[in-house]
Protein chains: 2
Amino acid sequence: MIKTKDVKVGDSIPPLRKDVGKYQPILYAGASGDFNPIHIDPEWGKTVGLGGNILHGLCTMAFVSQMNIDWLGDPGRLKKLKVRFVSPVKPEDTITIEGKVVGKEGDAIKCEMSVKNQEGTEVMINVASEAKL
Amino acid sequence: MIKTKDVKVGDSIPPLRKDVGKYQPILYAGASGDFNPIHIDPEWGKTVGLGGNILHGLCTMAFVSQMNIDWLGDPGRLKKLKVRFVSPVKPEDTITIEGKVVGKEGDAIKCEMSVKNQEGTEVMINVASEAKL
């Protein structure tokens, strides 16, 4: 598990790449209880102009959480996570999360991340976390 | 709650009609953990010759269980339920379950049910239950 003394401002966090499965939104509907048709029905997603069904924002946010926790080594170390959703994630997208340490005060650190799809489009902005090591 | 003395062979059980929702198979996938594409992906269901996605047999069986329990008044009274699946149930089908008491010995009763869709097709056969009042 990463130690306070080994972290400095500017350090990169190991990136995480997620290949979003065709059925990921349906699986996440089952996990979350959110069965909104925009998530589970591709035809409905087309009807409402989304071009198909889209992934729950909270699922993509969970990917960001996973990326942080994989690095921190302990879920309890992650204290805050904020994001702003700007572009939908779709089944079979590939999401890449990169980030770095932007602040450190004692054992408290702040990180910023970028979250992009396979076309380089940011699906979230203002992605920031706070952790305690 | 129905009493032993009020039940005799030949009695009808109050029928149950279920309008299967468009998303029932996806909801049941979430409840059961069975996300087989034949249940959650209409396109896949077409590809494999089912004409669309189909409902989990266990979900239809649960409807039969519900019909029995609504009448028995207590889930603990239902001791056995057996069915044989013969025809798939699809989203937006209407399923009607009818049944009657076919045996009684003390407080033990046996029932037989028919389970049909809106076209009168039996979706299950050999549908039988045993209960203790």
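Residues numbered from 1 in each chain as written. Chains lettered and ligands numbered in written order. Predicted model: local features only at pLDDT ≥ 70, side-chain atom pairs only at ≥ 80, totals over all residues.

> Honestly, the confidence of the model for chain A in this entry has me stumped. Any pointers?
Detail in the predicted coordinates should be disregarded across regions flagged by low pLDDT. Of the residues in chain A, 100% reach a pLDDT of 70 or more, and the chain-wide mean stands at 97. Predicted complex metrics record ipTM = 0.80 and pTM = 0.87. (pLDDT = per-residue confidence, 0-100.)

> Any chance you could explain the sheet that holds strand β4 (residues 108–116) of chain A here in plain terms?
Consider a sheet: its strands pair through backbone hydrogen bonds, and that pairing is either parallel or antiparallel. All names here are of chain A. Strand order in the open sheet formed by five strands is β1-β3-β4-β5-β2, with antiparallel pairing between adjacent strands. With one partner strand each, in any of the chains shown, β1 (12–19) and β2 (78–85) form the two edges of the open sheet. With direction set aside, neighbouring strand axes in the sheet form an average angle of 20°. Relative to strand β3 (residues 94–105), β1 runs antiparallel, the two sharing six bridges. Pairing of K18 across the sheet is with I95, part of β3. Across the sheet, helix α4 (residues 57–72) lies against β1, β2, β3, β4 and β5 (122–132), angled at about 145° from β2, the strand it touches most. (Pairing = 2+ DSSP bridges. Helix = DSSP H or I, 4+ residues; strand = E, 2+ residues; numbered from the N terminus. Axes fitted to C-alpha atoms, helices over the stretch in contact; angles between N-to-C directions. Contact = placed C-beta atoms within 7 Å.)

> Hey, could you run me through the interface of chain B and chain A in this one?
By convention, interface size is frequently given as the accessible area that disappears when the constituent parts associate. Residue-level contacts link seven residues of chain B with seven residues of chain A. With four residues, the single largest contributor to the side of chain B that touches chain A is helix α1 (residues 24–32) of chain B. Across the side of chain B that touches chain A, the residue classes break down as six nonpolar, one polar and no charged. (Nonpolar A, V, L, I, M, F, W, Y, C, P; charged D, E, K, R; others polar.)

> What is the right way to look at the UniProt feature "domain: MaoC-like" (unreviewed entry) in chain A in this model?
Mapped onto this numbering, the UniProt entry annotates "domain: MaoC-like" (unreviewed entry) at residues 23–117 of chain A. Helix makes up 37% of residues 23–117 of chain A and strand 31%, and the two end C-alpha atoms of the span are 17 Å apart. (UniProt positions renumbered as here; feature names shortened; annotations may be inferred.)

> What is the right way to look at the pairing of strand β4 (residues 108–116) of chain B in this model?
Side chains on a regular strand alternate between the two faces of the sheet. Residues and elements named next belong to chain B. On β4, burial follows the alternation: I109, C111, M113 and V115 on one face are buried, whereas A108, K110, E112, S114 and K116 on the facing-out side are not. Here strand β3 (residues 94–105) folds back onto β4, and the loop between the two strands holds two residues, one of which, G106, carries a positive phi near 65°. The sheet contact formed by β4 and strand β5 (residues 122–132) spans eight bridges and is antiparallel. For E112, the partnering residue across the bridge sits in β5 and is A128. Here β4 folds back onto β5 in antiparallel fashion, the turn holding five residues, of which G120 has a positive phi close to 85°. (Buried ≥ 20, exposed ≤ 12 C-beta atoms within 10 Å, placed from the backbone.)

> Would you explain α1 of chain B in this entry?
Working note: α-helix, 3.6 residues per turn, so residues spaced by three or four point in the same direction. If you check which residues of α1 of chain B are buried, you get Q24, P25, I26, Y28, A29 and G30 of chain B. Close packing links the buried residues of α1 of chain B with α1 (24–32) and α2 (37–40) of chain A together with α2 (37–40) and α4 (57–72) of chain B.

> Can you walk me through the environment of N117 of chain B in this structure?
Residues and elements named next belong to chain B. With respect to the secondary-structure elements, N117 resides in the loop between β4 and β5. Residue class for N117 comes out partly exposed when judged on the 18 C-beta atoms lying within 10 Å of it. Spatially, the C-alpha atom of N117 lies 9.6 Å from that of R17, the residues being 100 residues apart in sequence. Setting aside residues up to four positions removed in sequence, N117 forms contacts with V89, D93, T94, I95 and V123.

> Sorry if this is basic, but what is going on with the relation of the copies chain B and chain A here?
Here the second copy of the chain follows from the first by a rotation about an axis and a shift along it. Mapping chain B onto chain A is achieved by rotating through 180° and translating by 0.0 Å along the same axis, at an RMSD of 0.0 Å. The transformation just described matches what one would write down for a two-fold rotation axis. Of every C-alpha in chain B, the one belonging to G30 of chain B sits nearest the axis of rotation, 1.9 Å from it. A high fraction, 100%, of the interface residues of chain B reappear at the interface in chain A, so the copies pair face to face through one surface. (Least-squares fit on C-alpha atoms with pLDDT ≥ 70 in both.)

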